[in-house]
Amino acid sequence: MFERTEIEMPDGVRLHAEISGPADAPVTVVLLHGWCLDRRTWRRQAEALSGLGRRAPRVIVYDTRGHGRSSAIQRSSATLDQLGDDLAEVLRRLAPSGPVVLGGHSMGGMTIMEFAHRHPSEFAARVAGLLFVSTTAEGHTHTRYGLPESLAGVLRVGETLGAGVLARSGAWRPHRAVLPALAPALRWLLFGDRCADDALGLTLRSVGRTSLRSIGGFRASIGAQQRLDTLASIGDVPAAVLVGDRDRLTPVPCAESIAGALPHAALTVCPGAGHMLPLERPEEVSAALVEIVRRANRATRKATRRTSYSKAA
């Protein structure tokens, strides 16, 4: 079963969501994409989850505000704070009950952290598993773009200034004719040793559907976020953390600090891979997600048995 829907946020922004899997599944998985990407980043992982048969979860993927098929935004709402609130609203509307597994790539992982920070009681009551892929809890602390520190600092200043210009450019999107010219730079920045044509093509199309306001507007919030303390307070939640050792945006130290803050996290470093692990190494990401879902399913079954035993007694 596959369903498309739109959710209107309290400020009027509409989020495009796609839902698959059995309606009565014991666990719901919500997957959040990265900056300038869209829900299609997770297509291989959604397929893998559907292969779990009777244990398959409900799967929700949605386009972040200002991305993909979701509506344009005001510049003031291009913040991780807002994305954390959006995730809370998505859960209330599309998965109002039962355990959930949250998976986030890049900015999607940061969104999960913001949800945990801003809605701690909802997070604690609902979240049964976490998947963090190519993300960070420390803003741009470790970002060097694969360059020496002196050059990285210059590039960061230029990127920040450019982001400010784009943030004031409105709801326009990159012209289709510009995208091929961006391909070499995005190939270098986002991918590792191997890059399939379809993976790069999907990335380019996703960037092409992102408004200039979103491309520039989210940069300041992403660079400033610090949420290691939030992660350390999460407690006993099964988690997997994956990173590529060629990741130029969220390098290995980002994943190591996340795994160090989470008491029950398994860290996987993928040799030769870059920032786009769901597309570059879909099997590894899918395997980690499937294992987290299986653990959530087992915990749900145990809780159900305990409840049934208590009622019988």
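All values derive from a computational prediction rather than experimental measurement. Residue indices begin from 1 for each chain and proceed along its sequence in written order. Two thresholds apply to this predicted model, a pLDDT of at least 70 for residue-level local features and 80 or more for giving and counting side-chain atom pairs, whereas whole-chain, interface and lining totals are computed over all residues. Hydrogens and waters are ignored; side-chain quantities use all the structure's heavy atoms.

### Here we look at the pairing of strand 1 (residues 2-8)
In regular strands, side chains alternate between the two faces of the sheet. For two strands to be treated as a pair, DSSP must find at least two bridges joining them. Where helices and strands are cited, they refer to DSSP runs of H or I of at least four residues and of E of at least two residues respectively, numbered from the N terminus. Relative to strand 2 (residues 14-20), strand 1 runs antiparallel, the two being bridged by 7 bridges. Within strand 2, the position partnered with Ile 7 by the bridge is Leu 15.

### Digging into the pattern of salt bridges
Each reported salt bridge corresponds to a side-chain nitrogen of Lys or Arg within 4 Å of a carboxyl oxygen of Asp or Glu. Applying the stated criterion across every chain yields a total of 18 salt bridges. Across the salt bridge formed by Arg 65 and Asp 11, the nearest N and O atoms sit 2.8 Å from each other. With a gap of 54 residues between them, Arg 65 in the loop between strand 4 (58-62) and helix 2 (80-94) and Asp 11 in the loop between strand 1 and strand 2 connect regions that are remote in the sequence. Overall, Arg 65 belongs to the buried group, its relative accessible area being 0%. Arg 65 serves as the salt-bridge partner of Asp 86, at 2.6 Å between the closest nitrogen and oxygen. A simple rule labels every residue: compare its accessible area, found with a 1.4 Å probe on the protein chains alone, to the largest value its type can have, and call it buried under 20%, exposed over 50%, or partly exposed in between.

### Quick notes on helix 7 (residues 197-208)
Spanning 12 residues, helix 7 covers 16 Å between terminal C-alpha atoms, matching the ideal 16 Å at 1.5 Å per step. Among the 12 residues that make up helix 7, 9 are buried, leaving the element largely enclosed by the rest of the structure. Taken residue by residue, helix 7 has Ala 199, Leu 200, Gly 201, Leu 202, Thr 203, Leu 204, Ser 206, Val 207 and Gly 208 as its buried positions. Any pair of residues with heavy atoms lying within 4.5 Å of one another is described as a contacting pair. Close packing links the buried residues of helix 7 with helix 1 (43-50), helix 6 (179-190), helix 8 (212-217) and helix 12 (277-280). To estimate the expected span of a helix, subtract one from its residue number and multiply by 1.5 Å.

Any functional reading would require information that these geometric values do not contain.
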